[in-house]
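Breakdown of the fold
Take a look at the letters that make up each chain.
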Amino acid sequence: MSIPQSGPGRNPFDAQLPAGETVAVFESYLDAQKAVAVLGQGDFPVRAVSIVGDDLRSVERVTGKMTYGRAAGSGALSGGWMGIFLGLILVIMNPTLNLGIVAAAVLLGAGFGMLFSIFTYSVRRRRKDFTSVMQIVAGSYSLIVPAELVGGARRLLSEALENREG
């Protein structure tokens, strides 16, 4: 059996850059999305369009200082959510159980989450004493379309730009 290399059933682990030509380059992803929407409104086959981020950079935004209290709180919160989930699953599977089971599952989940988070923080403490959010950011976004559709895409985008200015 073979795996299709293009279309909705393609293998996500065999990622390749899209073939075609660059129609436009945008500074923000939102502007690239708007351009795709313009093409879609003009009956352009948007399945043929790709947005490619160029000049990728890893950005880590520091959100605060990590402390034992913050580690305990975040661990209790995530463990509590897991407890709610498991408690509700138990109640759904056995409707004769009361909601006290859910409360017990929340408390147990919060306790285990808090302990695990404190342990993890104490092991990693000297290496990372802050909380952060990691993201990949592109410097620019290129709109790529197959070579045979470049003229139509450029025409639609230039008409939209003229209508906005005029």
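Residues numbered from 1 in each chain as written. Predicted model: local features only at pLDDT ≥ 70, side-chain atom pairs only at ≥ 80, totals over all residues. Heavy atoms only, no water.

Quick notes on the sheet that holds strand E2 (residues 50-54)
Each strand in a sheet pairs with another by means of backbone hydrogen bonds, the pair being arranged parallel or else antiparallel. Condition: Between any two strands, at least two bridges found by DSSP are needed for them to pair. Each helix corresponds to a stretch of at least 4 residues labelled H or I by DSSP, and each strand to a stretch of at least 2 residues labelled E; elements are numbered beginning at the N terminus. Geometry is summarised by axes, namely lines fitted to C-alpha atoms with helices restricted to the contacting stretch, and by angles between N-to-C directions that run from 0 to 180 degrees. In this analysis, two residues are considered to be in contact whenever any of their non-hydrogen atoms come within 4.5 Å of each other.
Taken in spatial order, the 3 strands make up an open sheet running E1-E5-E2, and their pairing is antiparallel. Two strands close off the open sheet at either side, each with one partner strand: strand E1 (21-26) and E2. The average angle at which neighbouring strand axes cross in this sheet is 30 degrees, direction not considered. Helix H1 (residues 29-41) contacts E1, E2 and strand E5 (140-145) of the sheet and is inclined by roughly 25 degrees relative to E5.

Points about the packing of aromatic side chains
Put simply, the test is: Note on aromatic contacts: the rings of Phe and Tyr and the six-membered ring of Trp form a pair at centre separations within 6.5 Å, being stacked when their planes are under 30 degrees apart, edge-to-face when over 60 apart, and tilted otherwise. Remark: exposure states derive from per-residue accessible area (1.4 Å probe, protein chains only) relative to the maximum for the residue type, with buried under 20%, exposed over 50%, and partly exposed in between.
Counted under the stated rule, the structure contains 2 aromatic pairs. Where Tyr29 meets Tyr141, the ring centres are 5.6 Å apart and the plane angle is 65 degrees; that geometry is what we call edge-to-face. Residue Tyr29 is found in helix H1, and its partner Tyr141 is found in strand E5; the two are separated by 112 residues along the sequence. Taking the relative accessible area as the measure of exposure, Tyr141 reaches 15% and is therefore buried. Here Tyr68 and Tyr121 contribute two aromatic rings whose centre-to-centre distance is 4.9 Å and whose plane-to-plane angle is 85 degrees, an arrangement assigned as edge-to-face. Pair noted here: Tyr68 is in helix H2 (residues 68-93) and Tyr121 is in helix H3 (residues 100-124), with a separation of 53 residues, a long-range link. Judged by relative accessible area, Tyr68 falls into the partly exposed class, the value being 40%.

Some details on the nonpolar core
What tends to happen in soluble globular proteins is that the nonpolar side chains get buried as a cluster. The condition is simple: Each nonpolar core is a collection of buried residues, namely Ala, Val, Leu, Ile, Met, Phe, Trp, Tyr and Cys, held together in the definition by side-chain atoms within 4.5 Å.
Membership of the largest hydrophobic core comes to 17 residues, with the highest contact counts inside it found for Leu39, Phe44, Val49, Leu143, Val145 and Leu157. Among the elements of the structure, E1, H1, E5 and helix H4 (150-165) are those that each provide at least two residues to this core.

Remarks on the environment of Val102
The residue Val102 is located in helix H3 in this model. When the C-alpha atoms of Val102 and Ser74 are compared, they prove to be 20 Å apart, with 28 residues separating the residues in sequence. In this structure Val102 touches Gly87, Leu88 and Val91, once residues within four positions along its chain are discounted.

With respect to the pattern of salt bridges
As a reminder of what qualifies: Any Lys or Arg side-chain nitrogen located within 4 Å of an Asp or Glu carboxyl oxygen qualifies as a salt bridge.
With the rule as written, the count across this model stands at 2 salt bridges. Between Asp55 and Arg57 there is a salt bridge, with its nearest N and O atoms 3.8 Å apart. For Asp55, a relative accessible area of 49% puts it in the partly exposed group.

A word on the confidence of the model for the protein
For residues with low pLDDT, the predicted coordinates do not support detailed interpretation. Applied cut-off: Known as pLDDT, the predictor's confidence for each residue is given on a scale from 0 to 100.
In the predicted model, the protein carries a mean pLDDT of 86, and the fraction of residues at 70 or more is 90%. Low pLDDT, under 50, characterises residues 1-5; the stretch is placed with 7 contacts to residues that sit more than four places away or in other chains.

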